[in-house]
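Here's the letter readout for the chains.
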Amino acid sequence: MKYRCFCYTTSRFRISDDLCNLYIVFTKYALMKFKIAVFIICCCFTLPAFTQNHYTVKGVVIDTASGSKITDATVTVLSEKDSILQKFTYSNKGSFEINNLQPGKFLLMVTYPDYADFVEHFTLDEAHPEYSFGNIGMILKSKLLNEVIIKSKVAAIKIKGDTTEFNAAAYATQKNAKVDDLLKQLPGMKINQSGAIIFQGEEVSKILVDGEEFFSDDPALVSKTVRADMVSKVQVYDQKSEQAKLTGMEDGVKVKTINIVLREDKRKGLFGKAEGGYGTDDYYMGQAALSKFSPKEKISAYGNMGNIGQSGLNGAAANKFSIGSAAFSFGGFGLPVARDGGIHYDRKWNKDKQSVNGNYNINRLKTEDRSSALVQNNLPGNFNTSIRNSGSNYVFNSQVADLNFKSKIDSVSDLSMQIRGSASNRQSVGFSNGSTMRGNGVLLNESDRISSGSSENQNASLSMNYTRRFKKKGRSLSANAASSYGESEGESSLISDLRYYNAQGLLDSTSRIDQYKPGFSRSRNLSGGFSYTDVLSKTLSMSAGYNFSAANSKDEQRAFDRSAALPDNVLDSAFSSDFRLKTLTGNYNAALTYSKDKVYANAAINVADISYRQHDELQGTQLNRDFTNWLPNATFRYQLNKAASLSFAYNGESRQPQASQLQPLRQNSDPLNIYLGNPDLKPEFSNRFSYNYRVYQPTQDRGINFRGNYLTTFDAIVSNRMTDSAGANIYQSSNLSSARPSSWNIYTEFYGHATKLDFIVSINLTVNGYTSFNYINNQLNKSKRVSYAPQLDIWKNKGTYSYSFSIGPNYTTGSSSLQKAINNNTRGFFTSLNYYTKLPLNFFMGSDINYKYTAKNQVFDRSFEQLLIKSYVGKTFLKSEGLKVTLSGNDLLNQNSGYSRYSSDGNFSESRSATIKRYFMFSLSWDFSKFGKSLQPQQGS
């Protein structure tokens, strides 16, 4: 049957009105055309599924020597004109049949390991809708003398064990296209709106280049910087963990990985990109990247600057490039100015036995924000409502460097070493003012706060690992050692004024804080250990290990009152502290693994003994605690057949209380929200169960994904909030013994080719739920939440155009036991349209349109909707099309409001923040490279 997949089934902007209107009219015209196309596609999706297309090719694959039929030979149909992949399948007991082809001239290619490739022309038309090759004789390569029967290119797709390999030459890309443009066209591959790469329903965690890390292993970075015309093959597989690669023994840990194999004539050369743009309201951007490498040496440098919300080479957070600091990022709220740059170097020598890899990054982010928030705090039988306006100016600077060395001492020994260091400083100035109302609308308190601060941080670490493999396969011994040091010093100032009101709304009392707060912290850590692996039989293996660590830290905070009546050096002991903490940890682990044919099973246990000794130098008190953390886990995986697999997993984990939960640094930075420690906290223990069922049929590029998990926690550490009559909140953590929080998730997806138009359709449903608890004024509050989010995605990607369409409603139910009459049930809806097309005369255009709607409910009395439109048009120049001019418009309807809603245990909040809104920008970019003559087919070349 055709299409079997469904059987599974405050303005700062001033711009020209004429320019704005021109872009809006242009975008509406493009939207109209795109909606017509989507309508036609949907019609094709619902109607042609019941029709038949009788253009077919078939045959039988046999061994010419023995006459036996060959099973699982790869049979591929390519376009004769440009060798673009049309369809592929595998022979079943020698026989194959490929249906639903278009009329035209084609190449049939048959491949099988150790046999010469068979390629032959054939034609399908109305007079000959079916072509039969009869018996196709395959000849062993070892028996080939001078006879040449190979007439064309290698197969577009090959399956080699657990590796799926794509021949890049079978997929046309534009000149100067990047790897992600190539990946979008590969069967089973998808890149979602956030930039994550999905293959056969699983997210790709790592991208390598020629088997090695290129800058870093971040998928988005590699896919957006490496050129598509450099690629020979794309290999997708589940990579072993670092420990398994060193020891040679499977440990059940797999990472979905893409390896980009470069063409021989592209492994030595120079490539890069330079781009700059300037727009209305002084928006600007600029970036440049240059890479030069050979098979033994690579060097790359980049720089970025702008105020349009991007940092890092690929427009994402800077920590996505090499080893950027995670603190250097822009979350979408506020008005940012970013500067960042980096350099990467790696080299191999001595027949690749030794290698060194180094990185250096320097970053600067300045953000200005203005925001307002409405917060409802639930109480037993009542609630308080707070309104707060705030603003901040924030500057963050950082430098990060690392050096990695690897050495293959001999055929059985490996040594690796890593040195890492970082330095950063921060400056901030902020203000806030707000008020809190009782549930009956009577004023409860008012607050004004001004704060400023600065800090400097330094960190350094050194780690080493040695592995020795013995003659017996799978037997190995590893030893590791590490040391780290960190130091932070800073100061801050706080001026806070509070006004409290009585039940009639009349001023009752006032409070003022004016303090200077210096602080200092330092930490040292030493650790070491070993692990041993061995094979007990053909199907059974084991591992065991021990690690020890010793940590010492100092955390000092002082608060000095400032007033005309007191000297500047008067210490406020209530909000000052000086802690010394020593932690000793012994970690024991053991695992047993069974592997045979289609079955894999693993059971492991990890036990950590922790000794916690904290001394308060200021108060002269001692807190001693000892914990034992248990971490059992088990995995079972069964390969049902080549297309389907089923797996189950269990993970148990003890989590000890954090130092800040046991005895935190006392603070008064927000006098209306105070946090206290609880030295009597016990560890909590969680149980997590998960499953994953996956079916993928590469011949039709369709599949099913079922996965889910369930988590429950014993002795959970939960929040205990006391709200007094003045509206001040005091938070403390407590163990929950009378109930168990839980959470669960279910994800279901059906996807595949929908019609002969060759676009992909994905229908999925995500259901999330949780039950959580917290104490409010000593009463237990139970919160429940379940969300339902079905979604339909349609997409198609070719060399000269691409489009995607997504649509989905969502519904969330929420309730609180302390406020049974009020629920947080919410419904919403979203849709997105994204397209790009290349036009005649080297013009191009595209748009990204996103619409979101959230309905009002009992908590929030206003609905919210937002339509964000970004459009662009441009033209490429030069024979290589490396020079590109683009005119773009961001947020054409000026609707980006920085709005967000949030709910947690007994709290509901609604906020708006300053954000980047409408602007227009003219930009110029230049892609360049210097390699040998490219053999990669490119659209328009």
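Brief notes about the overall build of the protein chain
Item 1. Across its full length, the protein chain carries 5 helices and 49 strands.
Item 2. For the protein chain, with 941 residues in total, the buried portion stands at 45%.
Item 3. A total of about 45,500 Å² of accessible surface is found on the protein chain, and carbon and sulfur atoms cover 55% of it.

Side note on the packing of aromatic side chains
Item 1. Tallied over the full model, the rule gives 20 aromatic pairs.
Item 2. With 6.2 Å between their ring centres and 90° between their planes, F88 and Y90 make a pair best called edge-to-face.
Item 3. With a relative accessible area of 5%, F88 lands in the buried category.
Item 4. Relative to F928, the ring of W926 has its centre 4.7 Å away and its plane inclined at 40°; by these criteria the two rings are tilted.
Item 5. Put simply, the rings of F106, F118, F122, Y131 and F133 touch in pairs and so form one group of aromatic residues.
Item 6. Taking NZ or CZ as reference, K875 lies 4.8 Å from the ring centre of F843, over its face.

Here's the deal with a nonpolar patch on the surface
Item 1. A surface patch of nonpolar side chains, about 490 Å² in accessible area, is lined by F636, Y638, L640, F648, Y691 and I746.
Item 2. Here F636 falls in the partly exposed class, since its relative accessible area comes to 34%.

Some details on the side chain of N735
Item 1. Counting through the fold element by element, N735 comes out in strand β37 (residues 729-736).
Item 2. In this structure the side chain of N735 is engaged in a polar contact, spanning 2.7 Å, whose partner is the backbone nitrogen of K682.
Item 3. Polar side-chain contacts of N735 include one of 2.9 Å to the backbone oxygen of D715.
Item 4. Beyond its immediate chain neighbours, meaning those up to four positions away, N735 contacts D680, L681, K682, P683, D715, A716 and I717.

Remarks on the sheet that holds strand β13 (residues 202-203)
The strands making up a sheet associate through hydrogen bonds between their backbones, and the pairing can be parallel or antiparallel.
Item 1. Taking strand neighbours across the sheet as the criterion, the 3 strands line up as β11-β12-β13 in an open arrangement whose pairing is antiparallel. Of all the strands in the sheet, just β11 (189-191) and β13 have a single pairing partner and so form its edges.
Item 2. Across 2 bridges, the pairing between strand β12 (residues 197-199) and β13 is antiparallel. By the bridge assignment for β13, F199 is matched with E202.

Some details on the environment of F396
Item 1. Of note, F396 is situated in strand β22 (residues 382-410).
Item 2. The buried category is assigned to F396, whose relative accessible area is 1%.
Item 3. Spatially, the C-alpha atoms of F396 and K366 are 6.4 Å apart, while their sequence positions differ by 30 residues.

Observations regarding the confidence of the model for the protein chain
Item 1. The share of residues in the protein chain with pLDDT of 70 or more is 85%, and the mean pLDDT across the chain is 83.
Item 2. Note that pLDDT drops below 50 for residues 313-329; the model gives that stretch 58 contacts with residues more than four away or on any other chain.
Item 3. Predicted confidence is poor over residues 933-941, with pLDDT under 50, and the contacts of this stretch with residues over four places away or in other chains come to 32 contacts.

A look at the pattern of salt bridges
Side chains that differ in charge, positive against negative, can pair when their charged atoms come close.
Item 1. Counted under the stated rule, the structure contains 28 salt bridges.
Item 2. The salt bridge partner of R655 is E653, with a shortest N-O separation of 3.5 Å.
Item 3. In this structure, the salt-bridge partner of K838 is E881, at a minimum N-O distance of 3.1 Å. Here the residue K838 occupies a position in strand β42 (residues 826-838), and E881 occupies one in the loop between β44 (864-877) and β45 (883-890), the gap between them amounting to 43 residues. For the pair K838 and E881, a shared accessibility class is recorded, and that class is buried.
Item 4. One network of salt bridges, in which partners are shared, links K554, E556, R558, D578 and R580.

Observations concerning the sheet that holds strand β3 (residues 85-90)
Item 1. Pairing in this open sheet of 4 strands is antiparallel, and the strands run β3-β2-β5-β6 from one edge to the other. A strand with exactly one partner marks an edge of an open sheet, and here the two such strands are β3 and β6 (118-124). Direction aside, neighbouring strands of the sheet carry axes that sit 20° apart on average.
Item 2. Sheet topology note: the strand β2 (residues 74-79)/strand β5 (residues 104-111) ladder contains 6 bridges and is antiparallel.

Some words on the environment of R625
Item 1. One can find R625 in strand β31 (residues 621-639).
Item 2. Relative accessible area serves as the criterion here: at 16%, R625 is assigned to the buried category.
Item 3. A C-alpha to C-alpha distance of 8.6 Å links R625 and Q614, two positions 11 residues apart in sequence.
Item 4. Apart from residues lying up to four places away in sequence, R625 is in contact with I610, S611, Y612, R613, L662, P679, D680, L681 and K682.

Some words on the nonpolar core
Item 1. Membership of the largest hydrophobic core comes to 35 residues, with the highest contact counts inside it found for Y171, L183, V234, I258 and I260.
Item 2. For this core, the elements supplying multiple residues, two or more each, are β3, β5, α2 (179-183), β12, β14 (206-209), β15 (231-240) and β16 (254-262).
Item 3. Split by domain, this core shows at least three residues from each of two domains, domain 1 (8-147) and domain 2 (157-292).
Item 4. Beyond its immediate stretch of four places on either side in the chain, I258 contacts L183, M189, I197, V204, K206, I207, L208, V234, Q235 and V236.

Describing the environment of F627
Item 1. Residue position: F627 is located in strand β31.
Item 2. By relative accessible area, which is 4% here, F627 ends up buried.
Item 3. In sequence terms F627 and R655 are 28 residues apart; their C-alpha atoms lie 9.5 Å from each other.
Item 4. If sequence neighbours within four positions are ignored, F627 has contacts with A608, D609, I610, Y612, Q656, P657, L662, L681 and P683.

Describing unusual backbone geometry
Of all residues except glycine, most have a negative phi; of all peptide bonds, most are trans.
Item 1. One non-glycine residue with positive phi stands out, namely D281, at about 55°.
Item 2. For D281, the position within the fold is in the loop between β17 (269-279) and β18 (284-293).
Item 3. According to the relative accessible area criterion, D281 is buried, its value standing at 17%.
Item 4. With a phi close to 50°, D597 is a non-glycine residue in the positive phi region.

Parameters at a glance
Residues numbered from 1 in each chain as written. Predicted model: local features only at pLDDT ≥ 70, side-chain atom pairs only at ≥ 80, totals over all residues. Heavy atoms only, no water. Helix = DSSP H or I, 4+ residues; strand = E, 2+ residues; numbered from the N terminus. Buried < 20%, exposed > 50% of the residue type's maximum accessible area, 1.4 Å probe, protein only. Areas by Shrake-Rupley, 256 points an atom, 1.4 Å probe, with all protein chains shown as cover. Phe/Tyr/Trp six-rings, centres within 6.5 Å; stacked < 30°, edge-to-face > 60°. Lys NZ or Arg CZ within 6 Å of the ring centre and 35° of its normal. Patch = residues over 30% accessible without salt bridge, like charges linked within 9 Å, V, L, I, M, F, W, Y side chains within 5 Å. Salt bridge = Lys/Arg side-chain N within 4 Å of Asp/Glu carboxyl O. Polar contact = N/O pair within 3.5 Å; in protein donor to acceptor, adjacent residues only side chain to side chain. Contact = heavy atoms within 4.5 Å. Pairing = 2+ DSSP bridges. pLDDT = per-residue confidence, 0-100. Axes fitted to C-alpha atoms, helices over the stretch in contact; angles between N-to-C directions. Core = buried A, V, L, I, M, F, W, Y, C linked by side-chain atoms within 4.5 Å. Domains from an automatic or database assignment.

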